Amino acid sequence: MAIKKQLFSTAAVIFSLLFILVANTVAQDIGSIDFKNLKASELSDQQIKRLWERAQDRGYSISQLEQLALARGMSRSQVSAFVRRLREVRMQSGNGQGKAQETGQLRSVTTDTTGLFQLQKQRADRARSRIFGANLFRGKEINFTPSLNIPTPENYQLGPGDELVIDIWGAAEQTYRKTVSPEGTITIANLGPIYVNGLSIEKARDRLRSSLSRIYSGLKADEDAATDTHARISLGNIRSINVTVLGEVRKPGTYTLPSLATVFNALYSAGGPDSTGTFREIEVLRGDSTAATFDMYDFLVYGNQEDNIRLRDQDILKIDPYISRVAVSGKTKRTGLFELKENETVEDLVAFAGGFANGAYTKRIKVYGNTSTQKRINDIQYPEEKGFNIQNGDSVFVGKVLDRYANRVTIEGAVFRPGEYELKDSTSLYSLIQRAEGVREDVFMNRGLIYREQGDLTTEAIPFSVRDIIANPEEHDIMLKRNDMVQISSIFDLHDDYRVDIVGAVQEPGNYRYAENMTLEDIILQSDGFKESAAPYRIEVSRRITGGDSTFVPRETAEIFRFRVDENLELGDKASDFTLKPFDKVFVRNSPSYFEQQEVKVEGEVLFPGQYTLDQKYMRISDLLQRAGGLSQYAYPRGANLTRRLEQRIDTTEINIPDSLSRGSELQRNTTKVGINLKEILENPGSDQDLILRPGDVLEIPKELQTVQVSGEVLYPISVRYRDNMSVKEYLRAAGGATDLGKPKDAYVVYANGEVDRARKILFFQNYPKVRPGATIYVPKKQQKRELTTQERIGILSAIVSMAAIVSNTIFQIRRN
C-alpha cells in the first residue's frame, strides 16, 4: 500500500511538473508578469485593465488566466482576490463578455441595448426600403421644400404673420408693407385696423380697396366709375404655420412650415410613413373635421395632386397602420411591397408595379397566400381574370417567357449569310439555303447534316447531299421543323490549317499561310528577304513523312531537301521545279564567315581606357592590356576584377548576398564578378589565369585601395582604414562588433578582385581569412526560429497532459495487478 501511495505521489509530481512546464510555455507571451509576488490589493484599476487587455490579445479567458497564475506560484487566496478585482474592473469599464467567455467557450453575448436597438432599426429600414414609395423619403439629394417665388394663389387664406404689400400710384403715390397682427388685422394711418384674417387674397383685395377709397378719392370701389388712382395688393413675406404629424411615421412631432406647404411637404419633413404606416389614406384633420384624405399612390403613379391640399396652422396629419399590403416579384417594372385599398384588383396592382417588364410571361400570374389553416396558390389568367381580389399578405409573382423559340431554324457553315431564320409553313431545306444567299464557292458538296430535336429532346442527325438539293430540289428537298440546325461544311473545315514555317537568317521569320504551288522564292519574299548574315547557298527544307496507305513504318522521320538561292531569289536548275507542301519548314543558315563587331571594355588605371573590339576569336586579358597601353603608375593590380554577363540569369533571392554588395539595375543583376589575379597574368601571359575575353566583358583596374568595408549584422557598418596585419576580429571591433542577430563565426571576406574567402575552424580554433585593401567583411544573420502560436502551445499542453494521464493510469494498473 505504501508503494502504491509513493507511485501515485510520484505520478502527481510528474503531472504537476509537466503542467507547470507547459503553462510556462503557453504564457511566455506574458512572461514579464511575476504572479508569485503579485498582490491584487496593491494593483491599481488601470494596471488590472492593462493586464486583462494583454491576456485578451493572446486569447486567454479568465479561467485560463487563473490556472496560469496558480501554475506560476500565486497562492489560492491571492488568485481569488485577483480574479475578483479583474471582474470588478471589467464591469466598471463595460467590457464584460459574459459567462460564455469566462468558461473559454467560443460564443459572445450581446449586452449593449444600444447595439440591439441599432440592429432592430437597420432591420426595419431594410423592410421599409421594399415598400413602394418609401425610397422617396430616403433620398438625401432630393429637396421638396415648397417654392416661395410663385404668384400668390387666389385662394390663399391670410393669417397672422403674413405680409401684405399695397402699392398706390396715379394721382397719389404710396407703398404700404403691413403684417397681419395676431388679432388678424392690419393698421393703416387714418383708417385704423382692417380685419383680413381668414380671407382669401382675392377677397382681401376687395376689402382693402374699399377701405383705401376713403382716403384716396381717386380710388373708387366701383369698377365702372372713372379712376385716376390705382392700387395693387399682393402677398409679401409669408407666415409660418405649425403642423403636427402623428401616427405610424418615422419622425412624429410638430413642424414649423411655410404657409404654402402642402401635405406632401409635411410628410417629407417627418420622414414619411414608417414600415407599418399607410401610404394610401393619410388624413388631414382640421378642427373637428377631416379636410382631405391624401392617397400618395395617386401622386406617385398618376401625378394627381388633387388631395395634396395646402396646409393651415394647427392642421394634423394622421397616418394609420396599413390595411392590406401585397408583395410583387418577378418580371414587372417595379417590385416590392404595394398597399391596396378595398376592392382593388390584380389590374390595379399591375398598374402600381409599372406594368410588365420585357420578357414577362403575361398569360398567367401566380398569387401565393394563406388560408386560415394552410398555404394556397392561385393561377390567374390575365387579362381574363384581371378583376381578381388580392388579400393582405399575398405574394404576386410574374414569370418570364421560356428560353426557347417557337419558330426558329438555323443554318451554319459554307453559306453567305449563316444564322437564325424564321420557320414558316413553306420553309424547306432548299428555301432556307436560298434565304441564306446560297452556298459559297468552298462548299463541300457531297454531304450536309440536319440536327433535329426529337420529342424527348434528344438530337437526331439527318444527312443530305448538298449537290442533290441544289441540282434537283423537287426530288430531294426536305421540310424543316422547329429548332432544326442545318450544317453545311467547307472544304477547308475537313483538313488542317495549312501553314509553312521559315526560320533563320531572314528579315521576318515566322509561320505563313500555305498557298498552292508555293515556291522557296515565294516564302523568302514573304519573310522580307535574306539578312546580311545569311548563307543562301545552303538552304534546307524539311518535310513530313505521311506514309500513305502503307503499314510499313520508315526509319526516317522527315525528308530533307537542300538548295542554293542567289540574292535575286532565283533557284538553280535543280530546284526550279520544287514546290512547297503544307507544314514544310525552311531553314536559312548563317554564313560561317560572317562576324559582327563585338566589344569589351577596360576601365580604371590604364593608359588608354575605353572600349575595344575583339579582333581575335581568342583574345585574352593580357592582349587587352597591351592594346590599352599597360597599367598606369597608380594602378592596384591585386584589386583588378572582371565583370561578365551571365549566360543564364541567377535568382539572387536564393543566395546569401549582403545588401551592400547587391546590384540595383536589371543590367547589373545579369552580370557577375570573375575573380582574377592580374599580377600573375602580367607575369605569365597565356596561362590559365589569363582568361579568354567574351563580348561585353568589363576589366576594371582600380587605384590603390586604402579602406576595408564592414557590413552586415554589425552595430555600425563602416569603412575602416586598412592596416597591415590587422585581423578580421579587429575590423569587426572597429564596427562595434556583431549584433545579437549576427553570426561572426561565419563571417566571410569579399576581395576587391571578386574572390571570396570565409572563416574556417581548425580543431578548436577559428581561422579567419587575411584582409586586403578594398575588401568587404560581411557578417551574416542568424537563422530566425519561429515562435509557437497560442494554438500550437495549447496543442502541446494537451498532448503532454494526455501522456501524463496515460503514464499515471499505466502505473496504477501495474501496481493494482
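Conventions and cut-offs
Residues numbered from 1 in each chain as written. Predicted model: local features only at pLDDT ≥ 70, side-chain atom pairs only at ≥ 80, totals over all residues. Heavy atoms only, no water. Helix = DSSP H or I, 4+ residues; strand = E, 2+ residues; numbered from the N terminus. Buried < 20%, exposed > 50% of the residue type's maximum accessible area, 1.4 Å probe, protein only. Contact = heavy atoms within 4.5 Å. Areas by Shrake-Rupley, 256 points an atom, 1.4 Å probe, with all protein chains shown as cover. Core = buried A, V, L, I, M, F, W, Y, C linked by side-chain atoms within 4.5 Å. Salt bridge = Lys/Arg side-chain N within 4 Å of Asp/Glu carboxyl O. 1 Å grid on protein atoms, 1.4 Å probe; cavity = no way out; pocket = protein on both sides within 12 Å on 5 of 7 lines; lining within 4 Å. Points joined across faces, edges and corners; volume = space filled by probe spheres on them. Nonpolar A, V, L, I, M, F, W, Y, C, P; charged D, E, K, R; others polar. Expected span 1.5 Å × (residues − 1). Arc of directions from axis to C-beta. Patch = residues over 30% accessible without salt bridge, like charges linked within 9 Å, V, L, I, M, F, W, Y side chains within 5 Å. Lys, Arg positive; Asp, Glu negative; His and termini not counted. Charge placed at Lys NZ, Arg CZ, Asp CG, Glu CD. Phe/Tyr/Trp six-rings, centres within 6.5 Å; stacked < 30°, edge-to-face > 60°. Lys NZ or Arg CZ within 6 Å of the ring centre and 35° of its normal. Pairing = 2+ DSSP bridges. Axes fitted to C-alpha atoms, helices over the stretch in contact; angles between N-to-C directions.

**A word on the overall build of the protein chain**
Part 1 of the reasoning: Each helix and strand in the protein chain was counted, giving 19 helices and 37 strands.
Part 2 of the reasoning: In the protein chain, buried positions account for 35% of the 817 residues.
Part 3 of the reasoning: Of all intrachain contacts in the protein chain linking residues separated by at least 6 positions in sequence, the fraction that spans at least 24 positions is 62%.
Part 4 of the reasoning: By element, 48% of the accessible surface of the protein chain is carried by carbon and sulfur atoms, the whole surface being about 50100 Å².

**A look at the nonpolar core**
General note: in soluble globular proteins, nonpolar side chains tend to be found buried as a group.
Part 1 of the reasoning: Judged by nonpolar contacts, the single largest core of 47 residues is most densely connected at Leu 267, Leu 317 and Ile 365.
Part 2 of the reasoning: A per-element tally of this core places helix α8 (residues 263-269) first, with five residues.
Part 3 of the reasoning: By size, the runner-up hydrophobic cluster in this structure holds 23 residues, among which are Leu 164, Ile 166, Ala 204 and Leu 219.

**Observations regarding the pattern of salt bridges**
Part 1 of the reasoning: This structure, assessed with the given rule, holds 25 salt bridges.
Part 2 of the reasoning: With a shortest N-O distance of 3.1 Å, Arg 440 and Asp 442 are connected by a salt bridge.
Part 3 of the reasoning: Given the relative accessible area of 13%, Asp 442 is considered buried.
Part 4 of the reasoning: One salt-bridge network, held together by shared partners, links Arg 280, Asp 295, Lys 341 and Glu 344.

**A short note on the side chain of Thr 185**
Part 1 of the reasoning: With respect to the helices, strands and loops of the structure, Thr 185 is situated in strand β3 (residues 185-188).
Part 2 of the reasoning: Beyond its immediate sequence surroundings of up to four residues, Thr 185 is in contact with Thr 179, Val 180, Pro 193, Ile 194 and Tyr 195.

**Focus: empty space enclosed by the protein**
Part 1 of the reasoning: All chains considered together, the criterion is met by two cavities of 30 Å³ or more.
Part 2 of the reasoning: Here the largest cavity is characterised by a volume of approximately 60 Å³.
Part 3 of the reasoning: Lining the largest cavity are Val 328, Thr 332, Val 346, Leu 349, Val 350, Ala 353, Ile 365, Val 396 and Val 398.
Part 4 of the reasoning: Counting only elements with at least two residues in the lining of the largest cavity, the list comes to α10 (346-352) and β15 (395-398).
Part 5 of the reasoning: Per-element tally for the lining of the largest cavity: the top contributor is α10, with three residues.
Part 6 of the reasoning: Its residues assigned to classes, the lining of the largest cavity shows eight nonpolar, one polar and no charged.

**What to know about helix α7 (residues 201-212)**
Part 1 of the reasoning: Spanning 12 residues, α7 covers 16 Å between terminal C-alpha atoms, matching the ideal 16 Å at 1.5 Å per step.
Part 2 of the reasoning: All of the buried residues along α7 are Ile 201, Ala 204, Arg 205, Leu 208, Ser 211 and Leu 212. One face of α7 carries all of its buried residues, which in axial projection span an arc of 135°.
Part 3 of the reasoning: Considering only its buried residues, α7 is in contact with β1 (163-170), β3, β4 (192-195) and β5 (229-235).

**Re a positive patch on the surface**
Part 1 of the reasoning: Judged by side-chain charge, Lys 729, Arg 733, Lys 745 and Lys 761 come together as a positively charged surface patch.
Part 2 of the reasoning: One can find Lys 729 in helix α18 (residues 728-734).

**Observations regarding the packing of aromatic side chains**
Part 1 of the reasoning: This model, assessed by the stated rule, comprises 13 aromatic pairs.
Part 2 of the reasoning: Taken together, a centroid distance of 5.0 Å and an interplanar angle of 75° make the contact between Tyr 297 and Phe 352 edge-to-face. With Tyr 297 in helix α9 (residues 296-301) and Phe 352 in helix α10, the pair connects residues that are 55 residues apart, well separated along the chain.
Part 3 of the reasoning: Here Phe 352 falls in the buried class, since its relative accessible area comes to 3%.
Part 4 of the reasoning: Positioned above the aromatic ring of Tyr 322, the side-chain terminus of Arg 325 is 3.9 Å from the ring centre.
Part 5 of the reasoning: The side chain of Arg 544 reaches across the aromatic face of Phe 583, ending 3.9 Å from its centre.

**As for the sheet that holds strand β21 (residues 499-504)**
Part 1 of the reasoning: Spatial strand order, β22-β21-β25-β23-β24: five strands in an open sheet with mixed pairing. With one partner strand each, in any of the chains shown, β22 (510-513) and β24 (558-563) form the two edges of the open sheet. Direction aside, neighbouring strands of the sheet carry axes that sit 20° apart on average.
Part 2 of the reasoning: With four bridges joining them, β21 and strand β25 (residues 585-590) adopt parallel strand pairing. Of the residues in β25, the one forming a bridge with Ile 502 is Val 586.

**Details of the pairing of β3**
Part 1 of the reasoning: Bridging between β3 and β4 involves four bridges; their strand directions are antiparallel. The partner of Ile 186 across the bridge, within β4, is Ile 194.
Part 2 of the reasoning: Remark: three residues form the turn of the hairpin made by β3 and β4, two consecutive strands paired antiparallel; Asn 190 in that turn has positive phi of roughly 75°.

**Topic: a nonpolar patch on the surface**
Part 1 of the reasoning: Side chains of Tyr 368, Ile 377 and Phe 397 sit close together on the surface and give an oily, nonpolar patch of about 280 Å² of accessible area.
Part 2 of the reasoning: Among the secondary structure elements, Phe 397 is positioned in strand β15.
Part 3 of the reasoning: Note on Phe 397: relative accessible area 37%, which makes it partly exposed.

**Details of the sheet that holds strand β6 (residues 240-247)**
Part 1 of the reasoning: Taken together, the five strands give an open sheet; going across it, the order is β7-β6-β10-β8-β9, and neighbouring strands pair in mixed fashion. Where the open sheet ends on each side, the last strands, each with one partner, are β7 (253-258) and β9 (289-294). If you compare each strand with its neighbour and ignore which way they point, the axes differ by 30° on average.
Part 2 of the reasoning: Judged from the five bridges that link them, strand β8 (residues 277-286) and strand β10 (residues 316-321) form a sheet pairing that is antiparallel. Bridged to Val 284 within β10 is Leu 317.

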